[in-house]
Amino acid sequence: MKLIGFEEGLFPELDNYNAGFNKGSRRLKVTIDTLAAKTHYIENYPELLFNTLDLLPNIRNHRCSHGENEHAGRDYDMSHIFSPIKIVGDVIDTVHLFEHVALEIQCQVAEMQECSGLTCNYWEPETRYDVFIEYEEAPIAEFSCLTSLKLINSQINTPEEPFNIRDVLMLATTIARQGVEDAGSLSSHLGWSNGKLNRIIAELQELKFPFSAHLPAA
Ligand SMILES: [Zn+2]
């Protein structure tokens, strides 16, 4: 999947499609193209969902009003995974999972109690999607989307691209929630070597994490 662009706005028309949106909240429109063949996404989805729930178990607590709850009649049975994320059995399931991952990352990093999203498919081109993410701080929302995209791609692209979401989230939440950006404090707080800290800082930079002061250098 490839990011086409971000657009910040109110998009009040979305209130009709997801009652979970807070009235008057700001939403980030994320336009995404799927690049691989349709079968690639459909065949990889069960394992992608399973692994994603393992990495971000709180997604099991999300509410979801998209698609259907019924798993019957699909080519695969996923009822044993116990996921609240509804599926339609098509490419949009992968994009919809991107939405839930982005919301989860944003809630963790920005300590938002609640935020909603929506995933929409274009008629033309049918490989294009708009995902809407409710946000308070646009830079954190964009970071969350870039991180979600990297996580999904790291699992479905071949060859797989290793991506340590746990370390990235640990550093991002420590900086965002506790305001610590001093390298020495970060190393000792996280119990990381300078080398590891520098490596994850570089990952955060690549994902456009909004460092507030000077970049910490270990
Ligand atoms: Zn959903």
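Residues numbered from 1 in each chain as written. Predicted model: local features only at pLDDT ≥ 70, side-chain atom pairs only at ≥ 80, totals over all residues. Heavy atoms only, no water.

## Observations regarding the pairing of strand E4 (residues 128-135)
Of all eight residues in E4, seven are buried; the element is thus mostly enclosed. Of the strand pairs in this sheet, strand E2 (residues 26-33) and E4 are connected by eight bridges, and their pairing is antiparallel. Bridge pairing links Lys29 to Phe132 in E4. Counted between consecutive antiparallel strands, the loop separating strand E3 (residues 117-121) from E4 contains six residues. (Buried < 20%, exposed > 50% of the residue type's maximum accessible area, 1.4 Å probe, protein only. Helix = DSSP H or I, 4+ residues; strand = E, 2+ residues; numbered from the N terminus. Pairing = 2+ DSSP bridges.)

## Focus: the environment of Gly20
Of note, Gly20 is situated in the loop between strand E1 (2-9) and E2. Taking the C-alpha atoms as reference, Gly20 lies 9.0 Å from Arg63; in sequence the two are 43 residues apart. Discounting chain neighbours no more than four positions away, the residues touching Gly20 are Ser116 and Glu134. (Contact = heavy atoms within 4.5 Å.)

## Quick notes on the coordination of the zinc ion
For a metal bound by four donors in tetrahedral geometry, the ideal donor-metal-donor angle is 109.5 degrees, whereas six donors in octahedral geometry ideally sit at 90 or 180 degrees. Within the protein, the atoms that donate to the zinc ion are Cys64 (SG), His96 (NE2) and His100 (NE2), at distances of 2.1 to 2.3 Å. Looking at His96, the relative accessible area reads 1%, which means it is buried. (Donors = N, O, S within 2.8 Å, 3.2 Å for Na, K, Ca; no water.)

## With respect to the confidence of the model for the chain
Summary statistics for the chain give a mean pLDDT of 89 and a share of 89% for residues scoring 70 or more. At the low end of the mean pLDDT range in the chain sits helix H5 (residues 183-190), at 91; at the high end sits E1, at 98. Between residues 67-74, whose pLDDT stays under 50, and residues either more than four places distant or in other chains, the model counts 13 contacts. (pLDDT = per-residue confidence, 0-100.)

## As for unusual backbone geometry
In this structure, the amide linkage connecting Glu124 to the following residue, Pro125, adopts the cis form with an omega of -5°. Within the fold, Pro125 resides in the loop between E3 and E4. One non-glycine residue, Lys208, adopts positive backbone phi at about 60°. When you line up the elements, Lys208 lands in the segment after helix H6 (194-206). Of the residues examined, Lys208 reaches a relative accessible area of 58% and is grouped as exposed.

## Looking at the packing of helix H2 (residues 92-110) against helix H3 (residues 138-156)
The N-to-C vectors of H2 and H3 enclose an angle of 130°; their axes lie 8 Å apart at closest approach. With respect to H3, the axis of H2 lies oblique. Along this stretch, H2 crosses H3, giving a crossing that reads as right-handed. Between H2 and H3, the contacting residues are Thr94, Leu97, Phe98, Val101, Ala102, Ile105, Gln106, Val109 and Ala110 on the first element and Ile140, Ala141, Phe143, Ser144, Cys145, Thr147, Ser148, Leu149, Leu151, Ile152 and Ile156 on the second. (Axes fitted to C-alpha atoms, helices over the stretch in contact; angles between N-to-C directions. Parallel < 35°, antiparallel > 145°, perpendicular 65-115°, else oblique. Left-handed = near helix turned anticlockwise from the far one by under 90°.)

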